[in-house]
Amino acid sequence: MPEVRRILPALRDQAAEDSPSPTGDIHVVSNHNRWSRIVFDFKDVSGDAWCELNFQIAWHQEEETRAVHDFASVGIDFLTGDGSSIDFAYVPGLSRTQIDPHSYYIAGPAYYDRSSDHSHSSQVKLNFFVPAPAQHLTVAIRSWRNSHPFTISDLEIHQIVQQRTAVQDQIVPASRRTWWDLSTTPRWQSYGIVPGHPLVVRGQLINENSESDGALARVLFRDEKGEELAPPYEGVSSSPAIGTFIDIPIHRQARRFTLELTPPSQAATVELGFQVQRDESLISLVTPLEVSIGDDLLLENILGEDNPSPLSFVEEVCGRLRCLPSSETFKMRASLVDQFIDPETLGSLFTFHDGLRAVQHGEAPTIVDRTLVLCGLEPWPIPEAIEWTEDPYRSPAWRLEFQSLSWLLDLATRPELGGYVRAADLAISWTQSNPWGQPRDTLSTYPLSMAVRAEVLLHLLALGATSKSAKDIKRQQKLFAEIIRYAFALSEIVSQNIFSPSIIQLRTACTLLAISRATRRFPLASYWKSVALTQLRSGFDQLIGHEGSSIEQSLHHRLEIVSIGLLLVHSLKDMPETSEFREHLNARLKDSLKIIVGITDPAGMLPALGDTLRGYHHASWLRRLISNYGRSLLSDPKLTEELSYPTGPRMFVSEGDGIVAFRDYERKPHWSYLCASFGEQRHENGHFNCSSFVYTARGIRWITDPGGSGLHDSGSTRQYLTSSKAHNIAIPDGRDQSSGFGWIEARASLNNANIMRIGTNVYGPGYEHGRTIICLDNLDAIAIFDRFRSSGDSISFDGILHFEENVAVALANPGLALGFRNKSRLRIIPHVMTGQYSGMGIDNGRNDRPGSLQGFVSHPLGGLQPANVLTYKFSGSGDVCGGMILTINEHGLRRIMDLMAEQKIRELLI
């Protein structure tokens, strides 16, 4: 075992109402929610390395909020050596939050071991990545949902002391992936200008030199024709050698800056070029930047009781923009917004979410025989009057789809149901029933629901844009005004990086781009377009690496990201200024597609590792996507080879993604497949499934992943589905997985079999873990072995195997379990290498308390359904290695046993 550093904190700050205990080691956090906290300093932590924070929490005997998943909060701020706070867009293991830079939520008492009910306390352990150049961090433990005070004690951080390995050096910290290393050649970004209003740009510079001359922001304003406007510019310096610039001095290791640019009267765009004065300077620009257009045009400062309707909102905006039409125009036009509606531009409308739905589902309608069919649920009769609080199936996914109004596009094409008029009236009814900030259904404010709804409004606007009917014109005015209000909201969500990096950020930015292109006459359209494009470039760079790998755990969502990317590339073809971005993005999308195709199983499905939405056939989705938007990528021979789906035994490995797949396929239904995931796993919205796997043998899906989706599940169901015990992994000494990653330690091929050993750090620095997968070429038999080493005197681990809901499982004797599906049978045999085997058990539908659910898989429509789960146990003294052999026939078992006798294999295992 490597040496582990133990770092103790210093108590830095304490809220007035929280006095320390007489012992000095126990700290009280009261129940004043959010603002009651204790803050500790940890110094001299190692950067670009994982750490484990652990402490003891004790709750009140009468605590009421026992089953909440966010009982309390751990807030973490990363600092340089001189105490300067560093802005990271994403830190593995933590969630970005507003009250603290990054947070981790502590689950309530019901989620811990039953023994904690008597002690009223438990140990909390969490892993997270410490990105360089952080050397110091503060930890704030904060009241959140607790009804009574709780105490914290024995707080400490553990980090492994060892030389960096080649594996570690290959890991690019995602939290720094889009930082710019500045040189004397400026790195440029361009933004649209709103006439008469400032452009405010906020960012941070990181200085890794002991001394620095600081950095420069070069400034170039251009007019509508792209011609450079001659300086001087207000508040901007100028020199013959450099041109116009703003000096940004750096006196510490990290410097936040704000540039408030006042554009000249003829300016349409501004270009900002960031650079240093000397190549020796080691300065990075933290990206993405945050931008805004001044307080006067912030959504919250425009909204008010005096302008509750969309039309009055736009009138208020026009007043602030000083773009009121002349009196002559007033006589000719029915409304102020008419001057901004351009039927010609709307005629070439391109939106993203309807395109995404088309490649995902084909032409499947949402309206059938006057009923609404959403999320695979039963048809729902569409009433004459809609209240916008409907929830007929108690389904969050159905509500999200219903409130997004996506189904109105199908309704608009059905004249017998009222067609465009009925669809537009329902859209307007929704806006009138949901005043801004007062939704009838809170799920309608979910950013993806907002993004889809905004594009639906765009389509309805386009459908009626050429009508001369007075009633249609009134509808157009209301629709357009609401679209503008949505653009304000989406631009602030996107430009402030609230959901960066995530698919939410990409999809909201795409909608903002669609709105900006459809409302080109509106004065903010150029600004919205520039914000959207800048954030899309940064967002894709954060989510997809240069070799096609992704930090997104869910393979389903990864395909969604690639689909959005190809739709985006297609939409930008008529924008020459985006050619470099399109080429840059296309290369990453092509490599990402190779990985997705390579791990798709012979039935055309991606393995349900991470969040997975049911009701999709991924191979059909891929065909539609490539046929409509990815034909240019087919010139890549490696992609076309994967798309040809070669027969016979095949292994596909993507180390950057942390995924390996084995298959045996002969274009017949009796194919076999195994896929294991060992990529980086993060706390926010992720599943703790590092080294988990799924297994199909001769057409029968035996070992499954419970799957689940954040759109369908919440509460204890969601907590279970993301927890490590809901996956096919091993748990040492009751220690669930935390954030971390896996890597390939060794690979071998022997006697028509493949062997791979995967190392992980997801159990913290107190354990060395490796999982070895042995599989025959035809996958008739596989073996899964785990090895744990610990500095403790004894160690044991529990292995977990989840079976499909239609598979029966029985214990034949202490050394044999059997799985049954129709006439097929799977034998499961324990095998010990080091230590001793300690038995098996079966769980099915155990739900005595929120923290101990077991024996479930996700239901296609949300929630859980019972299924068989086999657990097995091995124990030893400081070192234990054992696992299970799974085989469908005697010949496969003999081959696996022969392999286990080979010295080369034994060396890989132990």
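Please refer to the structure higher up on the page.
About the cut-offs
- Residues numbered from 1 in each chain as written.
- Predicted model: local features only at pLDDT ≥ 70, side-chain atom pairs only at ≥ 80, totals over all residues.
- Heavy atoms only, no water.
- Pairing = 2+ DSSP bridges.
- Helix = DSSP H or I, 4+ residues; strand = E, 2+ residues; numbered from the N terminus.
- Contact = heavy atoms within 4.5 Å.
- Axes fitted to C-alpha atoms, helices over the stretch in contact; angles between N-to-C directions.
- Polar contact = N/O pair within 3.5 Å; in protein donor to acceptor, adjacent residues only side chain to side chain.
- Phe/Tyr/Trp six-rings, centres within 6.5 Å; stacked < 30°, edge-to-face > 60°.
- Buried < 20%, exposed > 50% of the residue type's maximum accessible area, 1.4 Å probe, protein only.
- Lys NZ or Arg CZ within 6 Å of the ring centre and 35° of its normal.
- Parallel < 35°, antiparallel > 145°, perpendicular 65-115°, else oblique.
- Left-handed = near helix turned anticlockwise from the far one by under 90°.
- Nonpolar A, V, L, I, M, F, W, Y, C, P; charged D, E, K, R; others polar.
- Expected span 1.5 Å × (residues − 1).
- Lys, Arg positive; Asp, Glu negative; His and termini not counted.
- Salt bridge = Lys/Arg side-chain N within 4 Å of Asp/Glu carboxyl O.

Chemist: Just give me the short version of the sheet that holds strand β18 (residues 254-261), but keep the residues and values in it.
Modeler: Within the open sheet, the four strands sit side by side as β12-β20-β14-β18. Their pairing is antiparallel. Strand pairing shows two members of the sheet lacking a second neighbour, β12 (180-181) and β18, which therefore form its edges. Bridge count for β12 against strand β20 (residues 283-292) is two bridges, and the pairing is antiparallel. By the bridge assignment, Trp-180 is partnered in β20 with Leu-285. Helix α14 (residues 525-543) rests against β14 (199-207) and β20 of the sheet, and its axis sits at about 140° to β20.

Chemist: With reference to specific residues and values, describe the side chain of Ser-502.
Modeler: Inspection of the secondary structure assignment puts Ser-502 in the loop between α12 (470-495) and α13 (503-518). From its side chain, Ser-502 meets the backbone nitrogen of Ile-504 in a polar contact 3.2 Å long.

Chemist: Can you lay out the packing of aromatic side chains for me, pointing to particular residues and giving the numbers?
Modeler: Inspection of every chain in the model, using the stated rule, returns 35 aromatic pairs. Seen in terms of ring centroids, Tyr-763 and Phe-788 are 5.3 Å apart; in terms of plane orientation they differ by 75°. Their pairing is edge-to-face. Remark: Phe-788 occurs in strand β33 (residues 781-790) and Tyr-763 occurs in the loop between β31 (753-760) and β32 (767-776); sequence separation between them is 25 residues. Note on Phe-788: relative accessible area 0%, which makes it buried. An aromatic cluster is built from Tyr-763, Tyr-767, Phe-788, Phe-797, Tyr-837, Tyr-872 and Phe-874, whose rings are joined through pairwise contacts. Here the guanidinium or amino end of Arg-187 rests over the ring plane of Trp-180, the centre of that ring lying 4.4 Å away.

Chemist: I'd love a proper account of the environment of Ala-753, names of residues and values included.
Modeler: Relative to the helices and strands, Ala-753 is located in strand β31. Ignoring any residue separated from it by four or fewer positions in sequence, one finds Ala-753 in contact with Ala-748, Cys-775, Leu-776, Asp-777 and Leu-899.

Chemist: Could you give an account of unusual backbone geometry, naming the residues involved and the relevant values?
Modeler: Backbone torsion omega between Ala-132 and Pro-133 reads 10°, so that peptide bond is classified as cis. Looking at the secondary structure, you find Pro-133 in the loop between β9 (121-130) and β10 (136-143). The backbone phi angle of Arg-394 is positive, close to 50°, even though this residue is not glycine. Secondary-structure assignment places Arg-394 in the loop between β23 (380-381) and α8 (396-404). Judged by its relative accessible area of 68%, Arg-394 is exposed.

Chemist: Tell me about the packing of α13 against α14, and please be specific about residues and values.
Modeler: Direction vectors running N to C along α13 and α14 enclose 155°, while the axes themselves pass 8 Å from each other. On the basis of the axis angle, α13 is roughly antiparallel to α14. The crossing of α13 and α14 is left-handed. The segment α13 lies against α14, with Ile-503, Gln-505, Leu-506, Ala-509, Cys-510, Leu-512, Leu-513, Ile-515 and Ser-516 engaging Ala-525, Trp-528, Lys-529, Val-531, Ala-532, Leu-533, Gln-535, Leu-536, Gly-539, Phe-540 and Leu-543. When the residues that make up the contact of α13 with α14 are grouped by side-chain class, the tally is 15 nonpolar, four polar and one charged.

Chemist: Before we move on, could you go through the pairing of strand β26 (residues 672-677) and cite the residues and values that matter?
Modeler: Most of β26 sits out of view: six of its six residues are buried. Burial along β26 is two-sided: Ser-672, Leu-674 and Ala-676 facing one way and Tyr-673, Cys-675 and Ser-677 facing the other are all buried. Where strand β25 (residues 659-665) lies against β26, six bridges are found, and the strand directions are antiparallel. Across the sheet, residue Val-660 finds its bridge partner in β26, namely Ala-676. In this antiparallel pair of consecutive strands, β25 and β26, the connection spans six residues, and Arg-667 shows a positive phi of 55°. Relative to strand β27 (residues 692-697), β26 runs antiparallel, the two being bridged by five bridges.

Chemist: Which residues make up the sheet that holds strand β21 (residues 367-368), and what values go with them?
Modeler: Spatial ordering of the open sheet is given by β21-β22-β23, a layout of three strands whose pairing is antiparallel. The sheet is open, and its two borders are formed by β21 and β23, each paired with just one other strand.

Chemist: Give me the lowdown on helix α19 (residues 715-722), citing residues and values where you can.
Modeler: The complete set of buried residues in α19 reads Thr-717, Arg-718, Tyr-720, Leu-721 and Thr-722. Those residues of α19 that are buried lie in contact with β34 (795-802), β39 (856-858) and β40 (864-866).

Chemist: Any details on the pairing of β33? Residues and values, ideally.
Modeler: The buried fraction of β33 amounts to nine of the ten residues, a majority that puts the element mostly inside the structure. Sheet topology note: the β32/β33 ladder contains nine bridges and is antiparallel. By the bridge assignment, Ile-773 is partnered in β33 with Ile-784. Hairpin connection from β32 to β33: four residues lie between these consecutive antiparallel strands, with Leu-779 at a positive phi of about 60°. With nine bridges joining them, β33 and strand β42 (residues 879-887) adopt antiparallel strand pairing. Each residue of the ladder has a partner; that of Phe-785, found in β42, is Gly-883.

Chemist: Break down the packing of α13 against helix α15 (residues 555-571) for me, with residues and values.
Modeler: One can describe the packing of α13 onto α15 by two numbers: an axis separation of 10 Å at closest approach and a directional angle of 20°. When the interaxial angle is binned, α13 and α15 end up roughly parallel. Between α13 and α15 lies a crossing of left-handed hand. For the pair α13 and α15, contact is made by Ile-503, Leu-506, Arg-507, Cys-510, Leu-513 and Arg-517 and by His-557, Glu-560, Ile-561, Ile-564, Leu-568 and Ser-571, respectively. A breakdown of the residues in the contact of α13 with α15 according to their chemical character gives seven nonpolar, two polar and three charged.

Chemist: Run through helix α10 (residues 419-433), naming residues and quoting values.
Modeler: Residues that lie three or four places apart on an α-helix share one face, since the helix turns once every 3.6 residues. For α10, built from 15 residues, the straight-helix expectation of 21 Å at 1.5 Å per residue is met to within 8% by its first-to-last C-alpha distance of 21 Å. For α10, the set of buried residues is Gly-419, Tyr-420, Ala-423, Ala-424, Leu-426, Ala-427, Ile-428, Trp-430, Thr-431 and Ser-433. Looking at the buried side of α10, the elements it contacts are α8, α9 (408-411), α11 (447-463) and α12.

Chemist: Provide a residue-level description of the side chain of Glu-63, including the pertinent values.
Modeler: Within the fold, Glu-63 resides in the loop between β5 (49-59) and β6 (72-79). Buried charge without a partner: Glu-63 forms no salt bridge, and the closest opposite charge is Arg-66, 7.0 Å away. At 3.1 Å, the side chain of Glu-63 forms a polar contact with the backbone nitrogen of His-148. Discounting chain neighbours no more than four positions away, the residues touching Glu-63 are Phe-71, Pro-109, Asn-146, Ser-147 and His-148.

Chemist: Requested: an account of the pattern of salt bridges, with residues and values cited.
Modeler: One pass over the structure, following the stated rule, counts 44 salt bridges. The residue Asp-425 makes a salt bridge to Arg-475 at a minimum N-O spacing of 2.8 Å. Taken as a pair, Asp-425 in helix α10 and Arg-475 in helix α12 lie far apart in primary sequence, 50 residues in all. Relative accessible area serves as the criterion here: at 34%, Asp-425 is assigned to the partly exposed category. Judged by relative accessible area, which is 11%, Arg-475 ranks as buried. Lys-594 is paired through a salt bridge with Asp-591; the nearest N and O atoms lie 3.1 Å apart. Placement of the pair is Lys-594 and Asp-591 together in helix α16 (residues 579-599), with a separation of three residues, close to one helical turn. Side by side, Lys-594 and Asp-591 carry an identical accessibility label, which is buried. One network of salt bridges, in which partners are shared, links Arg-537, Asp-541, Glu-580 and Arg-588.

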